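Architecture and fold: a report
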Amino acid sequence: MDYWCHNAKFQELLQNEWPLRFPADRPVMAYYFGYYLVPAAFSKLSGEVSAAAIMIWTGVGIMLGLLWLYIALCRKWWAMLLVLCVGDFPRFFKGIAANWSFPLYRYEEIGVEHWSNFENLFWAPNQFIPSLILGGMLFYVIRHRLDVALLCFPTVLSLWWAAFPALVVGLLAALLLVAQWIRWGATYRQLWGDVLLPLVAALPVMLLFQSHPQPPENGFIWTFRSDAANLLREYLTNTVADVLLFAAAFLVFRRAGFSNASTGPFWLLVGITMLFPLVRVGKVNDMLLRGMMPVLLLIGCYLLYPLAREPWPKVVAAFKGNMACMMIGLALLLQAVVGMGRLHRAARFNRITALWSPAESRFVPIPYNAYPSLYETLRQRWSQQEAEQYLGKTGSFYEKYIAPPPE
């Protein structure tokens with residue numbers, strides 16, 4: 001469903017002057033368009049939306065992200081793939097429960113369910129790519145005990161692509177950086193060149209994001225949910241179940257003799273996983289759905305790195321006869337079943353299979369130009385509120401001093 005919006009953004013960038021405004025004399029639309037700009041620029045040159053440019057641009061980004069994970073996980077491709085599925089364990093046993101007609105809780109409009117990075121790929125490639133790159137970079141820095149300030153500039157660059165993942169990585173980097181400075185101290189060059197200068201570069205984008213007519217919906221999750229018992233069941237089913245798996249895997253693998261990177265950041269990530277669902281930010285709790293992406297990547301790296309760094313015979317020998325290790329390993333594998341189901345569906349229903357057997361295929365391509373504008377796409381397929389969240393604010397600092405409307 002989200003591709004109605006993704007496709008409309010490419011069409012909007014193709015047919016209008018940049019920066020985008022709606023209507024033409026309004027302030028600049030306040031949204032993170034970074035992912036779309038390069039293929040849209042190519043489309044402007046070619047005169048039509050270029051699917052090839054979109055695919056190449058997206059493929060390059062995904063490949064860079066996967067390479068960072070691959071390097072961070074000792075060049076083990078199986079560990080890299082399993083990391084992408086971390087976070088889907090609750091979805092596996094929810095599927096089993098639903099198949100037995102035993103729903104664990106009632107779904108409501110504002111949920112506290114997080115998704116794996118693999119699941120998010122099908123909904124938000126613009127968020128998936130920066131999360132991969134930043135997650136792989138940050139774990140590499142933690143693993144090799146490098147200067148955390150190296151993450152500041154890449155995080156700022158990602159803000160224009162994926163606001164929520166970038167903000168979360170920024171929070172993690174800031175906390176780790178303070179701990180590093182307390183331990184090692186900091187020089188003036190590090191403070192200015194690696195931290196303050198990137199923050200200055202982030203100011204225009206932050207000012208753009210602030211130029212909304214109203215802030216995104218936010219508050220404690222229970223103020224938006226009427227059934228407290230159902231909310232508790234949902235939190236236990238999703239968040240607590242995953243956190244128990246993460247903690248058990250970390251402790252069991254360490255007890256089995258698998259050494260890991262420094263433990264402090266791992267427990268910080270676990271704490272964030274517990275707290276994030278308690279606060280709503282965005283119409284559909286975007287901070288939880290998208291902000292958890294780099295967190296789950298980092299947790300997955302922590303869980304699989306001890307196995308990836310050892311020779312495979314040693315891993316098999318350690319698991320053999322160790323029931324706890326075998327159960328944890330099975331749980332980590334089971335969450336990949338959700339991703340495999342996604343791949344199976346994508347392999348059955350796509351553009352190619354539709355050409356082979358159009359009568360049997362349920363693949364229906366989502367058009368770029370079904371509506372006259374991105375605003376109308378959002379308004380007619382979602383809501384007036386969804387459409388207005390993209391509009392800029394009249395009289396904002398960004399409109400006055402950075403991008404005033406044309407005369």
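Above: the structure in question.
Residues numbered from 1 in each chain as written. Predicted model: local features only at pLDDT ≥ 70, side-chain atom pairs only at ≥ 80, totals over all residues. Heavy atoms only, no water.

Here we look at the overall build of the chain
Assigned secondary structure in the chain consists of 19 helices and two strands. For a compact globule of 407 residues, the expected C-alpha radius of gyration is about 22 Å, and the chain comes in at 22 Å, within 12% of that figure. With respect to the principal axes defined by its C-alpha atoms, the chain has extents near 75 × 65 × 45 Å. Considering only intrachain contacts with a sequence separation of at least 6, the fraction spanning at least 24 residues in the chain is 78%. For the chain, the exposed surface amounts to about 20,200 Å²; the carbon and sulfur share of it is 67%. For the chain, the separation between the mean place of its 32 positive charges and that of its 24 negative charges on side chains is 10 Å. (Helix = DSSP H or I, 4+ residues; strand = E, 2+ residues; numbered from the N terminus. Rg over C-alpha atoms; globule rule 2.2 N^0.38 Å. Contact = heavy atoms within 4.5 Å. Areas by Shrake-Rupley, 256 points an atom, 1.4 Å probe, with all protein chains shown as cover. Lys, Arg positive; Asp, Glu negative; His and termini not counted. Charge placed at Lys NZ, Arg CZ, Asp CG, Glu CD.)

Observations regarding helix 11 (residues 228-255)
Here helix 11 spans 38 Å end to end across 28 residues, near enough to the 40 Å set by a 1.5 Å rise per residue. The sharpest bend along helix 11 reaches about 35 degrees and sits at Leu236. Capping the start of helix 11, Asp227 holds a side-chain oxygen 3.2 Å from the backbone nitrogen of Ala229, two or three residues further along. Positive backbone phi, approximately 100 degrees, marks Gly257, located one or two places after helix 11. (Expected span 1.5 Å × (residues − 1). Bend = angle between axes of the 7 residues up to and from the residue. Polar contact = N/O pair within 3.5 Å; in protein donor to acceptor, adjacent residues only side chain to side chain.)

Examining the packing of aromatic side chains
Following the criterion strictly, the structure yields 31 aromatic pairs and no others. Summarising the aromatic geometry, the rings of Trp4 and Tyr371 are spaced 6.0 Å apart at their centres and angled 65 degrees between planes, so their arrangement reads as edge-to-face. With Trp4 in helix 1 (residues 3-15) and Tyr371 in the loop between helix 16 (351-356) and helix 17 (374-381), this residue pair connects regions lying 367 residues apart in the sequence. The burial state of Trp4 is the same as that of Tyr371; both residues are buried. Geometrically, the ring pair formed by Phe250 and Phe266 is stacked, given 4.1 Å between the ring centres and 10 degrees between the ring planes. In this pair, Phe250 sits in helix 11 while Phe266 sits in helix 12 (residues 263-275), placing the two residues 16 residues apart along the sequence. Counting every residue linked through ring pairs, the aromatic cluster contains Phe10, Tyr31, Tyr32, Phe33, Tyr35, Tyr36, Trp57, Trp160, Trp161, Phe209 and Tyr390. Positioned over the ring face of Trp184 is Arg183, at 5.8 Å from the centre of the ring. Cation over ring: Arg381 sits above Trp4, and NZ or CZ is 3.9 Å from the ring centre. (Phe/Tyr/Trp six-rings, centres within 6.5 Å; stacked < 30°, edge-to-face > 60°. Buried < 20%, exposed > 50% of the residue type's maximum accessible area, 1.4 Å probe, protein only. Lys NZ or Arg CZ within 6 Å of the ring centre and 35° of its normal.)

Some remarks on a nonpolar patch on the surface
Nonpolar side chains collect at one region of the surface, where Tyr188, Leu191, Trp192, Leu196, Leu197, Leu199, Val200, Leu203, Leu207, Phe397, Tyr401 and Ile402 lie side by side and expose about 1,200 Å² of accessible area between them. Of all the secondary-structure elements, those providing two or more residues to the nonpolar patch are helix 10 (188-210) and helix 19 (397-401). Looking at the nonpolar patch element by element, the count peaks at nine residues for helix 10. Within the element layout of this structure, Trp192 appears in helix 10. You can call Trp192 partly exposed: its relative accessible area is 40%. (Patch = residues over 30% accessible without salt bridge, like charges linked within 9 Å, V, L, I, M, F, W, Y side chains within 5 Å. Salt bridge = Lys/Arg side-chain N within 4 Å of Asp/Glu carboxyl O.)

Some details on the state of the cysteines
Applying the stated criterion to the full structure yields zero disulfides. With no disulfide of its own, Cys152 lies closest to Cys301 among cysteine sulfurs, the gap being 20 Å. Looking at Cys325, it has no disulfide partner, and the nearest cysteine sulfur is the one in Cys74, 18 Å off. (Disulfide = S-S within 2.5 Å.)

Focus on helix 4 (residues 77-85)
Buried residues dominate helix 4, accounting for seven of its nine residues. Of all the residues in helix 4, the buried ones are Trp78, Ala79, Met80, Leu82, Val83, Leu84 and Cys85. Packed against the buried residues of helix 4 are helix 3 (51-72), helix 6 (117-121), helix 7 (125-144), helix 13 (286-308), helix 14 (312-319) and helix 15 (323-348). With its phi angle positive at about 110 degrees, Gly87 sits one or two positions after the end of helix 4.

A few points about the nonpolar core
Ranked by size, the top nonpolar core spans 116 residues in total, and within it Phe33 and Phe253 carry the most contacts. Broken down by element, the residue count for this core peaks at 16 residues, all from helix 13. Residues within four places of Phe33 in sequence aside, it is in contact with Lys9, Leu13, Leu20, Trp160, Leu374 and Tyr390. (Core = buried A, V, L, I, M, F, W, Y, C linked by side-chain atoms within 4.5 Å.)

Section: the packing of helix 3 against helix 4
The N-to-C vectors of helix 3 and helix 4 enclose an angle of 120 degrees; their axes lie 9 Å apart at closest approach. Of the possible angle classes, the one that applies to helix 3 and helix 4 is oblique. As for how helix 3 packs across helix 4, the hand of that crossing is right-handed. Contacts from Leu66, Leu69 and Tyr70 in helix 3 reach Trp77, Met80, Val83 and Leu84 in helix 4. For the contact of helix 3 with helix 4, the class distribution of residues is seven nonpolar, no polar and no charged. (Axes fitted to C-alpha atoms, helices over the stretch in contact; angles between N-to-C directions. Parallel < 35°, antiparallel > 145°, perpendicular 65-115°, else oblique. Left-handed = near helix turned anticlockwise from the far one by under 90°. Nonpolar A, V, L, I, M, F, W, Y, C, P; charged D, E, K, R; others polar.)

Purely spatial values, then, with no claim about function.
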